[in-house]
Amino acid sequence: PDGVAWWEVALRGCYFLFGTAPLVLTAPIVWALSYAFPEAADRWWHWALLVAGSQGPIFVKLLQWAAMRVDLFPTFLCRKLSNLHFNAPQHEWNETAEALANAFGPDWNTHVLSLEKRPLGSGCIAQVYKGETIGKDPKRVAVKVVHPAVRRRAEVDVELLRYCAALMDQLPMIRDVLNAGECVDEFASRVQPQIDMRAEALNLWKFRANFKGNAKISFPQPVEALTSESILVEEYQDGQPVLNACDDSHRRELAQLGVRAFLEMVFNHHFVHGDLHPGNVLMGSDGDSLVLLDAGIAFSIEPKQIRDMRDLFQAIARGDGQMAGSLLIERSQSLVEEEKVEKFLTSISNVVSDVHRSGLRLERLGIADILVDILCTCYECRVRLDPKFAT
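Criteria and cut-off values
Residues numbered from 1 in each chain as written. Predicted model: local features only at pLDDT ≥ 70, side-chain atom pairs only at ≥ 80, totals over all residues. Heavy atoms only, no water. Helix = DSSP H or I, 4+ residues; strand = E, 2+ residues; numbered from the N terminus. Contact = heavy atoms within 4.5 Å. Phe/Tyr/Trp six-rings, centres within 6.5 Å; stacked < 30°, edge-to-face > 60°. Buried < 20%, exposed > 50% of the residue type's maximum accessible area, 1.4 Å probe, protein only. Polar contact = N/O pair within 3.5 Å; in protein donor to acceptor, adjacent residues only side chain to side chain. Pairing = 2+ DSSP bridges. Salt bridge = Lys/Arg side-chain N within 4 Å of Asp/Glu carboxyl O. Core = buried A, V, L, I, M, F, W, Y, C linked by side-chain atoms within 4.5 Å. Expected span 1.5 Å × (residues − 1).

### Quick look at the side chain of threonine 227
Looking at the secondary structure, you find threonine 227 in the loop between β5 (217-218) and β6 (231-235). Not counting chain neighbours up to four residues away, the residues in contact with threonine 227 comprise Met197, Arg198, Ala201, Leu232 and Val233.

See below:
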């Protein structure tokens, strides 16, 4: 990007190397010790996630994205990285006050907003506070404040990732499995708009329009007059984390509701929330609805991708595992080795057979498990999917 000097990228690269070098050097030792001392590996991973969280928003987002790409990375790694969804670092209150003063003026806390100083939560791009508007008709609101200097760090980090990807793509053993440059481009195109709170407000309006009339799915309403590039003010939504559902049957019902909402986004609206991990899903105050938060990452699905997904689901619904596997191979972005084609088709057929043994009823299907099984099979057989399709 314009304005990023080579020395900034080099300096950032050195910071990254010095921060992660101890992890790399100790990994073989921990791996050897883990057989006798399993807790050693657990402590190493805890340390690794802390280091990852200190590397800045783009690297945290990259690892969160990698956690969803079980078609590219080992399942155990994706599970470990998924913990980054809940452990983002926070910035200080005085930095929040400065951002609010820049947006609304020095008297923001007497004329515009009243906020609790303790944040409700923190993501790698922004953190959220509970508050209330000041005026004739005060309303409870949630206020998202972008972390300080996050834009500049994001620009430098993306440029560093592009350099690293270019080097990785020179290695045949990596290039055949992972087109790093394309992955970085796809990742950056989805994450960079998240830094502009106005883009998230527009996404929320679109989702609200798409789900208008659906009492089971809701999105916060932005307060446009108080939203800027660095600040998003939206209505406060009562609810609890979806994982707090009281029992397994209740969680299953909420999961089915979430699956239906996702499929509606894909096949009816063609506009999808791209960050639906459990931290961004609340159980509504009635206990039977969902509130979907953090719409900064959202994307439209192109007609070709819709056709690809529809063809795949239809093959699964017909019980034709061979056809489902063949479709994935045909639309793969890499040449699949001949000896792996038969293994891949057999594995996909087994997944489809398991689906039909469930009776194809949504309440009995583990759709997430089905998709994970398919993506894991892609990883094992080196079938590289279109990143937009896989994500």
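Structure shown, so let's carry the discussion forward.
### As for the packing of aromatic side chains
Following the criterion strictly, the structure yields 10 aromatic pairs and no others. When the centroid spacing of 5.6 Å and the interplanar angle of 75 degrees are considered together, the rings of tryptophan 93 and tyrosine 129 count as edge-to-face. Taken together, the positions of tryptophan 93 in helix α5 (residues 93-104) and tyrosine 129 in strand β3 (residues 126-133) put the pair 36 residues apart, joining distant regions of the chain. Residue class for tryptophan 93 comes out partly exposed when judged on its relative accessible area of 21%. Residue tyrosine 129 is classed as buried on the basis of its relative accessible area, which comes to 0%. Between phenylalanine 207 and phenylalanine 271, the ring centres sit 4.8 Å apart and the planes meet at 40 degrees, which makes this aromatic pair tilted. Linking phenylalanine 207 in helix α10 (residues 197-210) with phenylalanine 271 in strand β8 (residues 271-273), this pair joins segments that are 64 residues apart in sequence. Its relative accessible area of 0% is what places phenylalanine 207 among the buried residues. Ring pairs connect the aromatic residues Phe207, Phe211, Phe219 and Phe271, which therefore count as one cluster.

### Examining the side chain of threonine 96
Mapping threonine 96 onto the fold places it in helix α5. Here histidine 91 takes part through its side chain, which lies 2.7 Å from a polar atom of the side chain of threonine 96. Threonine 96 has contacts with His91, Gln127, Tyr129 and Val145, leaving out every residue within four places of it along the chain.

### A closer look at the sheet that holds β5
The mixed open sheet is built from four strands, whose spatial order is β5-β10-β9-β7. Edge positions in the sheet fall to β5 and β7 (239-241), since each of these pairs with one other strand and no more. Where β7 and strand β9 (residues 281-284) come together, three bridges link them in antiparallel fashion. Paired with glutamine 240 across the bridge in β9 is methionine 283.

### Let's talk about unusual backbone geometry
Even without being a glycine, alanine 149 presents a positive backbone phi close to 60 degrees. Structurally, alanine 149 can be placed in the loop between β4 (140-146) and α7 (150-168). Of note in the backbone geometry, aspartate 294 takes a positive phi value of approximately 55 degrees without being a glycine. With respect to the helices and strands, aspartate 294 occurs in the loop between β10 (290-292) and β11 (298-300).

### Quick notes on the pattern of salt bridges
Taken as a whole, this structure holds 12 salt bridges when the rule is applied. A salt bridge links aspartate 238 to arginine 140; its shortest N-O distance comes to 2.7 Å. You can see aspartate 238 sitting in the loop between β6 and β7 and its partner arginine 140 sitting in strand β4, a full 98 residues away along the chain. Of the charged contacts, one joins arginine 208 and glutamate 235 as a salt bridge, the two residues approaching to 3.3 Å between their closest N and O atoms.

### Here we look at the nonpolar core
Core analysis: the largest hydrophobic core is formed by 58 residues, its most contacted members being Ile217, Phe219 and Leu290. Discounting chain neighbours no more than four positions away, the residues touching isoleucine 217 are Phe211, Leu257, Ala261, Leu290 and Leu292. Counting 22 residues, the second-largest nonpolar core is a separate cluster that includes Leu312, Leu328, Ile348 and Cys376.

### Considerations on helix α2 (residues 38-53)
In a regular helix each residue adds 1.5 Å, so 16 residues correspond to 22 Å; α2 covers 23 Å between its end C-alpha atoms and thus fits that length. The complete set of buried residues in α2 reads Ala41, Trp44, Trp45, Ala48, Leu49, Val51, Ala52 and Gly53. Next to the buried residues of α2 lie α1 (6-33), α3 (57-67) and α4 (75-81).

Geometry only, nothing functional implied.
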